[in-house]
Every structure is written in C-alpha cells, then in structure tokens.
2 protein chains.
Amino acid sequence: MAEENGSVASSALVSDLPVKRSREGEILSDNNNEKGISVEMVEDSKVPECISSVIPGWFSEISPMWPGEAHSLKVEKILFQGKSDYQNIMIFQSSTYGKVLVLDGVIQVTERDECAYQEMIAHLPLCSIPNPKKVLVIGGGDGGVLREVSRHSSVEQIDICEIDGMVVDVCKQFFPDLAVGYEDPRVNLHVGDGVAFLKAVPEGTYDAVIVDSSDPIGPAQELFEKPFFESVAKALRPGGVVCTQAESIWLHMHIIEDIVSNCRQIFKGSVNYAWTTVPTYPRQASLITKFQIGVIGFMLCSTAGPPVDFKHPVNPIDDDDSQKAPLKFYNKQIHSAAFCLPSFAKKVIDSKSK
Amino acid sequence: MAEENGSVASSALVSDLPVKRSREGEILSDNNNEKGISVEMVEDSKVPECISSVIPGWFSEISPMWPGEAHSLKVEKILFQGKSDYQNIMIFQSSTYGKVLVLDGVIQVTERDECAYQEMIAHLPLCSIPNPKKVLVIGGGDGGVLREVSRHSSVEQIDICEIDGMVVDVCKQFFPDLAVGYEDPRVNLHVGDGVAFLKAVPEGTYDAVIVDSSDPIGPAQELFEKPFFESVAKALRPGGVVCTQAESIWLHMHIIEDIVSNCRQIFKGSVNYAWTTVPTYPRQASLITKFQIGVIGFMLCSTAGPPVDFKHPVNPIDDDDSQKAPLKFYNKQIHSAAFCLPSFAKKVIDSKSK
C-alpha cells in the first residue's frame, strides 16, 4: 500500500489559544489528537478563516453565490487545521455530529451520517454485478468508500486515486472508523490526479469505478464531462459499472440533466439516477451548492456488454463477516428504492435517458 | 364551509419600518399583501422576536435544547406577523424558498418544497384503499393537504379540524396555492380542538384520517399517545386508514419506537412506517427537534377489517383532471419506495411491529 506523508509537513495541529493559522514544519502527533481548542471563547479577530464569523463559535456554510440559506454546526473544538497543496483542511469536534472534516470551508464528512453516503456509493454499483473483482475509487481519500468496498469478498484488487495526500493522512489520524478502509491488504493507494490516472489505465481493467468527487461546478468540473466519462468507460470491462456522486434533485436538476445526457452518449449499457438522504449533504459543494438539504444523488451507468439492471441487485453483500461492523444503512430494499424518483425529477431524467 | 375570521382581529400586517409587534384591531388587507418590509437593514434592537438575532436579516432555527445545529433562511421581507390565541404567526418572503410560514419560531411551510410533504401525507393513505369516500384532516390549516385529498374523485366529504383559525385566514391571504384546498365544495372546516372533535365522531365514520400535526414532544404530544390513537381507530370504518406525521429516523428513533409500539396495540390491521425527503423539514418541530435535516416520516396504520397493504397501492390517483396542477412529487413507485427503510431504522421498527 503506497502512502505519501510529505504533505503533512505543511500542516498544523491546533493545540493552543488563540486559534492560529498553519505553520510550515509542524507535524501531526498522535499525542495531541484531542488537544484541540474550543473556539467558543475566541475573539472574532482570532477565529480562523474557515470558521464562520457570522455565528461566533459555529461553523457555517453560507455561500455568496447562493446567499439565501445556511447550515451551521456548533464547533466544540478545532482538532486540526492545515493547508495542503490543493485546499484548506479543517477537522472539528461538533456538538451533535461527532468529528467533522471540512475542505475549503465545505463539510465533507461527519461521523454521525457518513454511513449513508459511503454505503450507498459503494454498494449500489457493486451489488448490481456478479462477482466484482477489480475496483477503482477516484477521490474518497477519507477511506470510507474503501471500507465499504472491502466488504465484498469477491473483490481482489481495490485501487484508489486521491489527489490530496494530506486528506489521507489526517483522516488516518482523526477518523479511524473511515480510514480503517486502508488497512485491507487489497487496497493500493495512488496519490495523484484521477483524470491522469484513468487515462493510463489499460482498456477493460475494472469491473467497477466509483467516483467520490466534489461537485460538477468548480475544480471537479471535468469529472462530470464527456472526456472523463469516456476514460471511465474505456477503463471498464464490457458490462462494467460506474457510480459517481451526482448532486441533489432538490437543487440542480439542470446540472443533473446535462450529466444524464452526457452519460447516455458514453455508456451504452444502462444509465440511471439514484438518490439517498444524508442530513449534512450535499457535501464537498461548490460555491453554488454550498448548503445542506439532506439529499444526494448518484449516476449509475454500465458499458456495453452483459446487461446490468441496477434496480434489481444480483450480488447481495456478505454481511456475515463478524470482524466488520454491520451495515447501518444499505439493504436490498433501499437499493431498489433509491431508483424511485419524485415526479418532477423523473420527468426530466426519463426524457434525457431515452 | 364554516370559517372563522374573528381571530384576525389580533393580527397585524407589517408594512412600515421599523418592524413592529402586532397591534389589536389591525386587519389583513388584500392590497397590502406585498408591502412587507425588508429586515436586512433593521437594527437588532428593532427586529421582531421571531427573527433570529444571531444572523441579522436571517431567520434561524436554533434551539437551546438541541444547541448543535442551525438552519437559516435569508429573509427578504416580512409579510405578516401576528399572535393568535395559540401561537405567534409569521410569514416572510425568503430569498430562495419563496414564502415561508413560521409558527412559534418554527418553519411550517415553504412554497418551494411543500409539495413533497402534502402529496405524501395525503396520497400514501388514500392510494392504499379502494374508493375512499369520507376523509378527516386533523391540523393542516394551511390547506395543502385538502388540495391533495381533493384530487381523489371518489371522495365525497372532506372534514378538517384545525385549532387555529388565524392560520387558516393568513394562509388564504398569502398562500393561495395551498389554501386553494378550501375551495373544494366537499370541504367542511371546523375550527377547534382535534382531540375533542374526534371524540365526538360517530364510530366507523371515516375511510381515512390524516393527522398533519406538530411534533410528539410539546403541545401536540397527546396526538401521539394511546388515547388519541384509540379515538382515531374508533372513528375509522373497519379497514380504514390513518396517516400521521411521525418524525425523522435520523433524529428520533426512540420516539418513533414508542409511536410504533402504541400503534401496534391500537391498530389491529397493519402498522407501517414510511419516510420522504423535504429539504426544510422536520417542520413544526418542538424545542428538541428544532432543526432541519431534510427527512420526515409518517405512520400508516389500518384498523381490523379488509386488509390494507400500504406498500402496494391499489387506488391510483386520477391525475387527468386538467383543472388541477399536476402532481410534483408523488407517484406509484415513490409510494412503495417510501416504506423501504435504512437498516438502522428497519431493525428498530421491525422489532416493534411484531
């Protein structure tokens, strides 16, 4: 299992008052994990940029491009803050959602509700095909998707390509229940650009590709465009499957419409939209989507080859492994239910799927 | 159709700066509907109590009993505020959710997402039985549930018992798309206590009872306890159905557990839990549940008699009526999907249902 620790060199563990910005050369230390500081008493002028100054002591997602709504979690302690080559990273202890991972000011993971997202993005594709053997995860540096993929005993190889090594490192430090995914010997970590990685993959390599990405508006935009989907299709075996995070029907039907349209042109098997509820999502949201409405969706597509009927899973999870924590969210019924859409969304998506 | 306008006498239409409290004797006027004021520029000291002082110009639900989370909508204009015999009532124009109805500081309805709640709470029960004729709505003063019930051409009588006449009046004024439900000649409005009303109902009167109530902790607590469910069961014909708002599985599994247990003892037909997504819900939340996670649930039960299989609807909606706006959310697939629960919730509810 490859691993890159170099990027931690530019991070900082916040362990004394007042809250300070990251400094070069500070290294994470196991001993300091829980010595984060409370920001409740910190003066506004000393609060880090990634903490909202709107409600002192609270983390708020309020976007200038979608100014009408905000979602706030009370910050008990800041456990970590740092700046990687790609983004600002913060981890705080919330009063009600456990530990929270924030990248560039946007909530990525909370301990309380991560199960719904991780289980669905992994098992919707993997339970839809018989005996998946080779799986690629793009993004997903926290390790949660790996944890779920590794429940499948048929899987022999799990590659993950995460662009930000610091995300991997801090999640190993602060989110052991997610990063446990890295402990599986089938996992190979590649720190680098997912688009470039995919281009170099030999044709027909994977049974399944899971794209645990940020939103289609912003830095991850190319992960929702035709060239990327073409790379994914090429990397998949005939009848292979892809699952990619695909926004919320309550917010962005026009974006979903375009994604469905692109996928329909590239994936010659089946193209489907599924959704589920995660209280603190959409996550990893762009400037436009930076608020929470509790619903996130997925595109599920297959390449030409053996047909895949995503709505009727053929590969039940082996949930008898007593060494693993039981599934919290996913089951066969909720798998099929995820493809049942409200009428306003069904109308748009069906018209683009044909 | 009975109607009570007297309670409007103690309300006020806010139409000039600074924001002021309601005064006796001010009457709603059609001409003034859109002359609400913007609170963005109002000094904190003059902001009405029901507007958060935490983020000036924003409406925030932040509860002292559940202090870790807040959900905020930006207030463009306050259109109405008043105090009825039962509660504080405010209506504001939000920047992204259309008009918003707030009772005692808690969001009840937003124009943007009300369709999901109203359609599901009405059609889950009514599509599960053949030819419903007599329907009772408890609560639901905004009229949205009536609007949905009236889509069913088999229905001959729609009784509604809403405790707060002022809610009915202001919704007729500011939410015509909801209050249109009152225009159906089959509707009979009773302004009064739903518990007392139900007790007086002759045995076996209704095919369906829909309880559009506030939460089980607080003033509406008795609407979730055995005596109330007994009254409902008595008011229903054999094989009649009830649908009642029943919290979110992400928040209150212990409360849901108790409700399921109570229902199991009273309703000798079937007892089921369903859920759906509504971005700004839970609504009408108590002190404990005063925040938004985007998921709301329903209890669906039937009395002894002809068996009711709620998961497989037998009574499709006649959606061909061109005089009515088409359904936005509900369809047959989403009806069945609503009964598929995440594993953590299924485990608890199944154990109480047996």
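Under an unreviewed UniProt entry, chain A has the name spermidine synthase and belongs to Macleaya cordata. Quoted straight from UniProt, the Pathway (unreviewed entry) entry for chain A says "Amine and polyamine biosynthesis; spermidine biosynthesis; spermidine from putrescine: step 1/1." For chain A, the Sequence similarities (unreviewed entry) comment in UniProt is given as "Belongs to the spermidine/spermine synthase family."

Observations concerning the packing of helix α6 (residues 226–235) of chain A against helix α7 (residues 253–266) of chain A
Residue and element names in this part refer to chain A. Contact geometry for α6 and α7: axes closest at 10 Å, N-to-C directions at 40 degrees. Taken together, α6 and α7 sit at an angle that is classed as oblique. Where α6 crosses over α7, the handedness of that crossing is right-handed. Residues K226, F229, E230 and A233 of α6 form the contact with α7, whose participating residues are I259, N262, C263, Q265 and I266. Class assignment for the residues of the contact of α6 with α7 results in five nonpolar, two polar and two charged.

As for the packing of aromatic side chains
Centre-to-centre distance and the angle between the planes together describe a pair of aromatic rings. What the rule picks out here adds up to eight aromatic pairs over all chains. With 6.3 Å between their ring centres and 55 degrees between their planes, F228 of chain A and F229 of chain A make a pair best called tilted. Across the pair, exposure class does not vary: F228 of chain A and F229 of chain A are buried alike. With a centroid separation of 6.0 Å and 70 degrees between ring planes, the pair formed by F229 of chain B and F267 of chain B is classed as edge-to-face. Highlighted residues: F229 of chain B in helix α6 (residues 226–235) and F267 of chain B in the loop between α7 (253–266) and β12 (271–277), separated in sequence by 38 residues. In terms of burial, F229 of chain B and F267 of chain B fall into one category: buried.

With respect to the environment of N88 of chain B
Residue and element names in this part refer to chain B. Among the secondary structure elements, N88 is positioned in strand β4 (residues 88–94). Looking at N88, the relative accessible area reads 24%, which means it is partly exposed. The spatial distance from the C-alpha of N88 to the C-alpha of G105 is 7.5 Å, given a sequence separation of 17 residues.

Description of helix α1 (residues 114–126) of chain A
Residue and element names in this part refer to chain A. If you check α1, its first and last C-alpha atoms are 18 Å apart, about what 13 residues at 1.5 Å a residue would give, namely 18 Å. Its axis deflected by about 25 degrees at M120, α1 carries its strongest bend there. A large share of α1 lies buried, amounting to 13 of its 13 residues.

Quick word on the pairing of strand β8 (residues 157–162) of chain B
Residue and element names in this part refer to chain B. Taken across its six residues, β8 has five buried, putting it largely inside the fold. For strand β7 (residues 134–139) and β8, the ladder comprises five bridges, and the chain directions are parallel. Each residue of the ladder has a partner; that of I138, found in β8, is C161. Following the backbone out of β7, through helix α2 (residues 144–149) and into the adjacent parallel β8, one traces a crossover that is right-handed. Taken together, the five bridges between β8 and strand β9 (residues 187–191) define a ladder with parallel strand orientation. Bridge pairing in β9 links I158 to V187.

Rules of the game
Residues numbered from 1 in each chain as written. Chains lettered and ligands numbered in written order. Predicted model: local features only at pLDDT ≥ 70, side-chain atom pairs only at ≥ 80, totals over all residues. Heavy atoms only, no water. UniProt positions renumbered as here; feature names shortened; annotations may be inferred. Axes fitted to C-alpha atoms, helices over the stretch in contact; angles between N-to-C directions. Helix = DSSP H or I, 4+ residues; strand = E, 2+ residues; numbered from the N terminus. Parallel < 35°, antiparallel > 145°, perpendicular 65-115°, else oblique. Left-handed = near helix turned anticlockwise from the far one by under 90°. Contact = heavy atoms within 4.5 Å. Nonpolar A, V, L, I, M, F, W, Y, C, P; charged D, E, K, R; others polar. Phe/Tyr/Trp six-rings, centres within 6.5 Å; stacked < 30°, edge-to-face > 60°. Buried < 20%, exposed > 50% of the residue type's maximum accessible area, 1.4 Å probe, protein only. Expected span 1.5 Å × (residues − 1). Bend = angle between axes of the 7 residues up to and from the residue. Pairing = 2+ DSSP bridges. Right-handed = clockwise from strand over helix to strand, strands pointing away.

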